[in-house]
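# Topology and contacts: notes
In case you want the letters, here they are:
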Amino acid sequence: MGALPAAARAYIAGAVLAAALCAVPTVRDASAVPWGAVALLAGLCAVSERLPRCPLTMPVLLAGVFLLPPGAAGLVAVPGALLGRVGRRPVWVRRLWHAAQFSLAASAASYVHGLGTPPGAPPPPFPYALLPALAAALTLALVVTALDGGVLVAAEGRSPRAAWGAPLPGALVPPLLHGPTGLMTALLWHSAYGPVAALLVLLPMSVSSWVLDRCRRERAAHQATVRALVQAVDLKDRYTRGHSERVGRASVLIARELGITGDRLEAVRFAGTLHDVGKLGVPTRLLRKDGPLTPEERRVIELHPEFGHEMVRGIGFLGEARDAILHHHERLDGSGYPYGLIGHQIPEFARVVAVADAFDAMTSTRSYSRARPVPVALAELHRCSGSQFDPRMVAALSRALDRHGWCPASDRERSPEDIIPPSRNVPVDHRSPTGSPAAGFAHPGGPS
């Protein structure tokens, strides 16, 4: 404990001493303690603490609170805390602290749960067991938070408000969430089925929590992949910084109006966010060229949908988003690119992203065009409906904006060289291959 302030060392030593004193009555009256249950629950806690992302520690600890007297309930937490994973030093000081903290919390929770119940008696039948179980779970959460706040004040000098006030709402969630599982375990423990059946309650919960954790981790990996690709595009093409995220948001607004939900809605968001990822394959000098593009340079830039499709071909979670990346510059009249598809030959997601892309291009300030007001941009989209854009998608965007509004690109999303002073005379870009006003709101090298 040499690295800790003296106040923190004294605080931790006091907590360890208090936990030991709570266990004295249990040791003194050992014959009245169900040591088999204590050993079984303590062993489960220890195994749970050693397994990565195992959700059983709290339900098992609460089951001990509901089944055992205060001193014995406190002992259930000790082996798991002493053997648990600790990411920061001093390791053994932290383990001792956690053992004392959870031992005291479990003892206090068991005491609250046992108020009005004779020692050693089984828990009251359901639903009468709910109220004492809720009180015990709240006590556990409050004691853990109070002790944690105290050590933060002593060791790190945090203010009482920061140490106790901010963490409290989040600290109440795990005990209340896992309380029903612990209570079910305790009720089955005293039923005709016995402890074996009680412990089986924990198995489906463990499996489902493991699956949910895997899903969360996979989703986080998907989002990290998309963020990395978008950041790479933004670094390469400074004219459209922040454009990808806004197109993703606008695509989701349209999709929701069309009744798209679940995984398909997520795929629409990915499609809008990654629609310009193919610009990574376009030479930077073309993306940042200030003057007019030659026909050859324009043909190179118009390859970016195909570049993007090739880049994401092997990313399985994108699903329909890959087709949107490839076809978001197609037009209903067949004059778009890369394949000149007509009408409903164009995938639905591509038609969604095309409208979202043009809308954000028109409502964002670029180095060659001022941002237009949202009503003007919508009027332009309606004017080009049927020839360039799907009228259903345009109507869906209009309804969504009426309901939710829209926050155009702000100056904070652009670097200083991208912000146009009010006095500057900015010409409209007339270099769009289609010649339509909506298509003209794009990067100088081509549609955004």
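Bear in mind that the values here come from a model prediction, so they are computed numbers and not experimental data. (Residues numbered from 1 in each chain as written. Predicted model: local features only at pLDDT ≥ 70, side-chain atom pairs only at ≥ 80, totals over all residues. Heavy atoms only, no water.)

## Focus on the overall build of the protein
The number of helices and strands found in the protein is 21 helices and zero strands. Across the 448 residues of the protein, 47% fall into the buried class. Pairs at least 24 residues apart make up 70% of the contacts formed inside the protein by residues separated by at least 6 positions. With the model as given, the accessible surface of the protein reaches about 21,300 Å², and the carbon-plus-sulfur share is 63%. (Helix = DSSP H or I, 4+ residues; strand = E, 2+ residues; numbered from the N terminus. Buried < 20%, exposed > 50% of the residue type's maximum accessible area, 1.4 Å probe, protein only. Contact = heavy atoms within 4.5 Å. Areas by Shrake-Rupley, 256 points an atom, 1.4 Å probe, with all protein chains shown as cover.)

## Quick word on the packing of helix α3 (residues 57–67) against helix α4 (residues 70–83)
Axis separation between α3 and α4 bottoms out at 8 Å; the angle between their running directions is 160°. Classified by the angle between their axes, α3 and α4 sit roughly antiparallel to one another. Where α3 crosses over α4, the handedness of that crossing is right-handed. Across the interface between the two elements, Leu61, Gly64 and Val65 of α3 pack against Ala73, Val76 and Ala77 of α4. (Axes fitted to C-alpha atoms, helices over the stretch in contact; angles between N-to-C directions. Parallel < 35°, antiparallel > 145°, perpendicular 65-115°, else oblique. Left-handed = near helix turned anticlockwise from the far one by under 90°.)

## Some remarks on the pattern of salt bridges
The tally for this structure, following the rule as stated, stands at 14 salt bridges. One salt bridge connects Arg269 with Glu266, and the closest N-O pair in it is separated by 2.6 Å. Of this pair, Arg269 and Glu266 are both found in helix α13 (residues 262–273), three residues apart, which corresponds to roughly one turn of the helix. Residue Arg269 is classed as partly exposed on the basis of its relative accessible area, which comes to 27%. With a relative accessible area of 16%, Glu266 lands in the buried category. With a closest N to O distance of 3.5 Å, Lys279 and Asp276 form a salt bridge. The exposure class of Lys279 is buried, given its relative accessible area of 4%. Residue class for Asp276 comes out buried when judged on its relative accessible area of 2%. (Salt bridge = Lys/Arg side-chain N within 4 Å of Asp/Glu carboxyl O.)

## So, unusual backbone geometry
Among all residues except glycine, the phi angle is most often negative; among peptide bonds, the trans geometry is most common. The omega torsion across Tyr337 and Pro338 is 15°, close enough to zero to call that bond cis. Structurally, Pro338 can be placed in the loop between α17 (321–327) and α18 (348–363).

## Brief notes about the UniProt feature "transmembrane region" (unreviewed entry) in the protein
In the numbering used here, UniProt assigns the "transmembrane region" (unreviewed entry) feature to residues 56–84, 96–116, 128–155, 162–180 and 192–212. Structurally, residues 56–84 comprises 86% helix and 0% strand, and the distance from its first C-alpha atom to its last is 13 Å. (UniProt positions renumbered as here; feature names shortened; annotations may be inferred.)

## Side note on the nonpolar core
Of all hydrophobic cores here, the largest spans 48 residues; its most connected members are Ile254, Val355, Phe359, Leu381, Phe389 and Leu397. Those elements giving two or more residues to this core turn out to be α11 (202–236), α12 (243–257), α13, α17, α18, α19 (374–383) and α20 (391–404). Residue contributions to this core peak at ten residues, all from α18. If sequence neighbours within four positions are ignored, Leu397 has contacts with Ile254, Val355, Phe359, Leu378 and Leu381. Among the nonpolar cores identified, the runner-up in size contains 32 residues, and Ala37, Leu56, Met58 and Phe66 belong to it. (Core = buried A, V, L, I, M, F, W, Y, C linked by side-chain atoms within 4.5 Å.)

## Looking at the packing of α3 against helix α6 (residues 130–156)
Following both chains from N to C, one finds α3 and α6 inclined at 120°, their axes separated by 11 Å at the closest point. Taken together, α3 and α6 sit at an angle that is classed as oblique. Classified by chirality, the crossing of α6 by α3 is right-handed. Residue-level inspection shows Met58, Leu61, Leu62, Val65 and Phe66 of α3 in contact with α6, the latter providing Ala133, Ala136, Ala137 and Leu140.

## Some points on α18
Across its 16 residues, α18 extends 23 Å between first and last C-alpha, which sits within 8% of the 22 Å expected from 1.5 Å per residue. Counted residue by residue, α18 has 15 buried out of 16 residues, so it is predominantly covered. (Expected span 1.5 Å × (residues − 1).)

## A look at a nonpolar patch on the surface
Together, Val196, Leu200, Leu203, Val207, Trp210 and Val211 line one region of the surface with nonpolar side chains, adding up to about 600 Å² of accessible area. Contributing elements (two or more residues each) for the nonpolar patch: α10 (194–200) and α11. The element contributing the most residues to the nonpolar patch is α11, with four residues. Residue placement: Leu203 occurs in helix α11. Of the residues examined, Leu203 reaches a relative accessible area of 52% and is grouped as exposed. (Patch = residues over 30% accessible without salt bridge, like charges linked within 9 Å, V, L, I, M, F, W, Y side chains within 5 Å.)

## Here's the deal with the confidence of the model for the protein
Mean pLDDT for the protein: 81, with 85% of residues reaching 70 or above. For the protein, the element scoring lowest by mean pLDDT is helix α21 (residues 437–440), at 44; α18 scores highest, at 94. This model gives residues 410–447 a pLDDT under 50, and the stretch forms 94 contacts once residues within four places in sequence are excluded. (pLDDT = per-residue confidence, 0-100.)

## Topic: the packing of aromatic side chains
The full count for this structure, using the stated rule, is three aromatic pairs. Seen in terms of ring centroids, Tyr11 and Trp97 are 5.7 Å apart; in terms of plane orientation they differ by 45°. Their pairing is tilted. You can see Tyr11 sitting in helix α1 (residues 6–28) and its partner Trp97 sitting in helix α5 (residues 91–113), a full 86 residues away along the chain. Note on Tyr11: relative accessible area 26%, which makes it partly exposed. With a centroid separation of 5.3 Å and an interplanar angle of 70°, the aromatic rings of Phe270 and Phe317 are classed as edge-to-face. In this pair, Phe270 sits in helix α13 while Phe317 sits in the loop between α16 (304–312) and α17, placing the two residues 47 residues apart along the sequence. (Phe/Tyr/Trp six-rings, centres within 6.5 Å; stacked < 30°, edge-to-face > 60°.)

## Comments concerning the side chain of His309
Looking at the element boundaries, His309 is found in helix α16. With relative accessibility at 13%, the residue His309 sits in the buried group. Each residue touching His309, except ones within four places of it in the same chain, is listed here: Arg322, Asp323, Ile325 and Leu326.

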